[in-house]
Amino acid sequence: MIEVLKCKIDPVYSFLDYIKGGTQMNCVIAIDFTASNGAPSNPTSLHYLSPYQPNQYTQALYSVGDIIKDYDSDQLFPALGFGARLPPDGRVSHEFFLNGSTTSPYCEGIAGVMAAYQQALQTVQLYGPTNFAPVINHVARFATAVRDGTQYFILLIITDGVITDMPQTKEAIVNAAALPMSIIIVGVGEADFDAMEELDGDDVRLSSRGRVAERDIVQFVPFREFSRGTSAQAVEMNKARLAKEVLAEIPDQIVSYMKKTAIKPRPPLQRQPTLPTAPPT
């Protein structure tokens, strides 16, 4: 005979519980404008704007953007570029606004991001080095200001993978793991993506200077594995596989943040989406 003296029931909340309770998703897009991609005027460049077919950045932006846009509350996407020389003085920037504005990085829809990307290719000079840490820290400043579960940030980085600030990027990710944010890295081209796999942290949790990341917040996706075949059937299959890969970890990452910070979902509500407030300077 078993006698139960005390019983405690802890509810298990799901990703949808938080979304229904009003948690807003904010998707930020960052694009690699470093010289390792090749000169945009060269047909072999990953940034080449052909009149006949989209380049790999365009393909990745449309394909992945079409997936994550449904996560975003307001369809206004902050879009950043990194690794380019900017007009008029040629200074190198690792977190410039893709739309050319000096005050607001927001683009309307994925189509707006695409237009800003194509315009940026006409005005900036691809340069380097390939530093991820500045854009990660940029989004982290916003996430730091809103840690109550009402907002969650997803940073999408599209890159050729030739990273040059690995120690700083590891440090930025370890810091960001304590914040309401996730990072999706999409690798384009045929580069060696071993460094990206390390950042993903699926096998070994990422660490920096003796500190281990509180959560696994990085998902790496090699785009080349989802762009093979040109038939309509192949395209649809690739799109479905890509969607599954991109979204494989995001819901669990969101729930893991809420659970770690003891945030319960709010009751379902109806509300108008709002932009995140500016981070502290």
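Small disclaimer: the values here were computed from a predicted structure and weren't measured.

Chemist: Can you explain the overall build of the chain? Please cite residues and give values.
Modeler: Counting its regular elements, the chain contains eight helices and twelve strands. Against the globule reference of 19 Å for 281 residues, the chain gives a C-alpha radius of gyration of 20 Å, in line with a compact fold. Each principal axis of the C-alpha atoms in the chain carries an extent, and together these give about 80 × 50 × 45 Å. The buried share among the 281 residues of the chain stands at 50%. Taking the contacts inside the chain whose residues are at least 6 apart along the sequence as the reference set, 80% of them involve residues at least 24 apart.

Chemist: Break down the pairing of strand β12 (residues 218-222) for me, with residues and values.
Modeler: The element β12 is largely enclosed, with a buried count of five among its five residues. Neither face of β12 is left uncovered, since the one carrying V218, F220 and P222 and the one carrying Q219 and V221 both have all their residues buried.

Chemist: Give me the lowdown on the packing of helix α4 (residues 133-145) against helix α5 (residues 166-176), citing residues and values where you can.
Modeler: Taken N-terminus to C-terminus, the directions of α4 and α5 make an angle of 20 degrees; their axes are 9 Å apart at the nearest point. Considered as vectors, α4 and α5 are oriented roughly parallel to each other. Pair α4 / α5 crosses with left-handed handedness. Only Q168, T169, A172, I173 and A176 of α5 make contact with α4, whose side of the interface consists of A133, I136 and N137. For the contact of α4 with α5, the class distribution of residues is five nonpolar, three polar and no charged.

Chemist: Now, about a negative patch on the surface: what can you tell me, with residues and values included?
Modeler: On the surface, D192, D194, E197, D202, D203, E225 and E245 cluster together to form a negatively charged patch. As for its placement among the helices and strands, D202 is situated in the loop between α6 (194-200) and β10 (207-208). Of the residues examined, D202 reaches a relative accessible area of 46% and is grouped as partly exposed.

Chemist: Quick rundown of the packing of aromatic side chains? Include the residues and the values.
Modeler: On inspection of all chains with the given rule, the structure shows seven aromatic pairs. Considering the side-chain rings of F193 and F220, the 5.3 Å spacing of their centres and the 55 degrees angle between planes classify their relative orientation as tilted. Separated by 27 residues along the polypeptide, F193 in the loop between β9 (181-187) and α6 and F220 in strand β12 bring together distant segments of the chain. According to the relative accessible area criterion, F193 is buried, its value standing at 5%.

Chemist: So what about α5? Which residues, and what values?
Modeler: Burial analysis of α5 places eight of its eleven residues in the buried class, which makes it a mostly covered element. Taken together, the buried positions of α5 are occupied by M166, T169, K170, E171, A172, I173, V174 and A176.

Chemist: Report on the sheet that holds strand β4 (residues 91-93), specifying residues and quantitative values.
Modeler: In any sheet, the strands associate via hydrogen bonds between backbone groups, in a parallel or an antiparallel arrangement. Read across the open sheet, the three strands follow the order β4-β3-β7; overall the sheet is antiparallel. Whereas interior strands pair on both sides, the edge strands pair on one side only; in this sheet they are β4 and β7 (125-126). Bridge count between strand β3 (residues 84-86) and β7: two bridges; the pairing is antiparallel. Bridging across to β7, R85 finds its partner in Q125.

Chemist: Tell me what's going on with the side chain of Q219, and back it up with residues and numbers.
Modeler: Tracing the sequence through the fold places Q219 in strand β12. At a separation of 2.6 Å, a polar atom in the side chain of Q219 contacts the main-chain carbonyl oxygen of E245.

Chemist: I'd like a rundown of unusual backbone geometry, residues and numbers included.
Modeler: P88 follows P87 through a cis peptide bond whose omega is 0 degrees. For P88, the position within the fold is in the loop between β3 and β4. If you check the backbone angles, Q75 has positive phi at about 65 degrees while not being a glycine. With respect to the secondary-structure elements, Q75 resides in the loop between α2 (56-68) and β2 (76-82).

Chemist: Would you mind going over the pattern of salt bridges in detail, with residue names and values included?
Modeler: Counted under the stated rule, the structure contains seven salt bridges. Among the salt bridges present, the one from D66 reaches K69, with a minimum N-O distance of 3.7 Å. For D66, a relative accessible area of 30% translates into the label partly exposed. For E198, the salt bridge identified is with K170, shortest N-O distance 2.5 Å. Taken together, the residues span a long stretch of sequence, with E198 in helix α6 and K170 in helix α5 at a distance of 28 residues.

Basis of the calculations
- Every chain is numbered on its own, with residues counted from 1 as its sequence reads.
- Selection of residues for local features in this predicted model requires a pLDDT of at least 70, selection of side-chain atom pairs for listing and counting requires 80 or more, and totals for whole chains, interfaces and linings are taken over all residues.
- Only heavy atoms go into the side-chain values, all of them from the structure, while hydrogens and water stay out.
- By the criteria applied, helices consist of DSSP H or I runs no shorter than four residues and strands consist of E runs no shorter than two, each listed in order from the N terminus.
- We take the radius of gyration over the C-alpha atoms and set the globule estimate at 2.2 Å times the residue count to the 0.38 power.
- Three exposure classes are used, based on accessible area relative to the maximum for each residue type with a 1.4 Å probe and protein chains only: buried under 20%, partly exposed in between, and exposed over 50%.
- We call two residues in contact whenever any of their non-hydrogen atoms come within 4.5 Å of each other.
- Fitted lines through C-alpha atoms give the axes, limited to the stretch in contact for helices. The angle between two N-to-C directions lies from 0 to 180 degrees.
- Any angle that is under 35 degrees is reported as roughly parallel, and any over 145 degrees as roughly antiparallel; angles of 65 to 115 degrees are reported as roughly perpendicular and all others as oblique.
- Note on convention: the crossing is left-handed when the near helix lies turned anticlockwise from the far helix by less than a right angle, right-handed when the turn is clockwise.
- Classes in brief: Ala, Val, Leu, Ile, Met, Phe, Trp, Tyr, Cys and Pro nonpolar; Asp, Glu, Lys and Arg charged; the others, Gly included, polar.
- Excluding any residue in a salt bridge, patches collect residues exceeding 30% relative accessible area, merging like charges within 9 Å and nonpolar Val, Leu, Ile, Met, Phe, Trp and Tyr side chains within 5 Å.
- For every accessible area listed, the method is Shrake-Rupley and the probe measures 1.4 Å; residues are considered covered only by the protein chains on display.
- When a carboxyl oxygen of Asp or Glu is within 4 Å of a side-chain nitrogen of Lys or Arg, the pair counts as a salt bridge.
- In this charge count, Lys and Arg are treated as positive and Asp and Glu as negative; neither His nor the chain ends contribute.
- Charged groups are reduced to one reference atom each: NZ for lysine, CZ for arginine, CG for aspartic acid, CD for glutamic acid.
- Note on aromatic contacts: the rings of Phe and Tyr and the six-membered ring of Trp form a pair at centre separations within 6.5 Å, being stacked when their planes are under 30 degrees apart, edge-to-face when over 60 apart, and tilted otherwise.
- A strand pair is defined by DSSP finding two or more bridges across the two strands.
- Counting of polar contacts relies on pairs of N or O atoms within 3.5 Å, with two restrictions inside protein: one atom must be capable of donating a hydrogen and the other of accepting it, and residues adjacent in sequence are counted only when both atoms are side-chain atoms.

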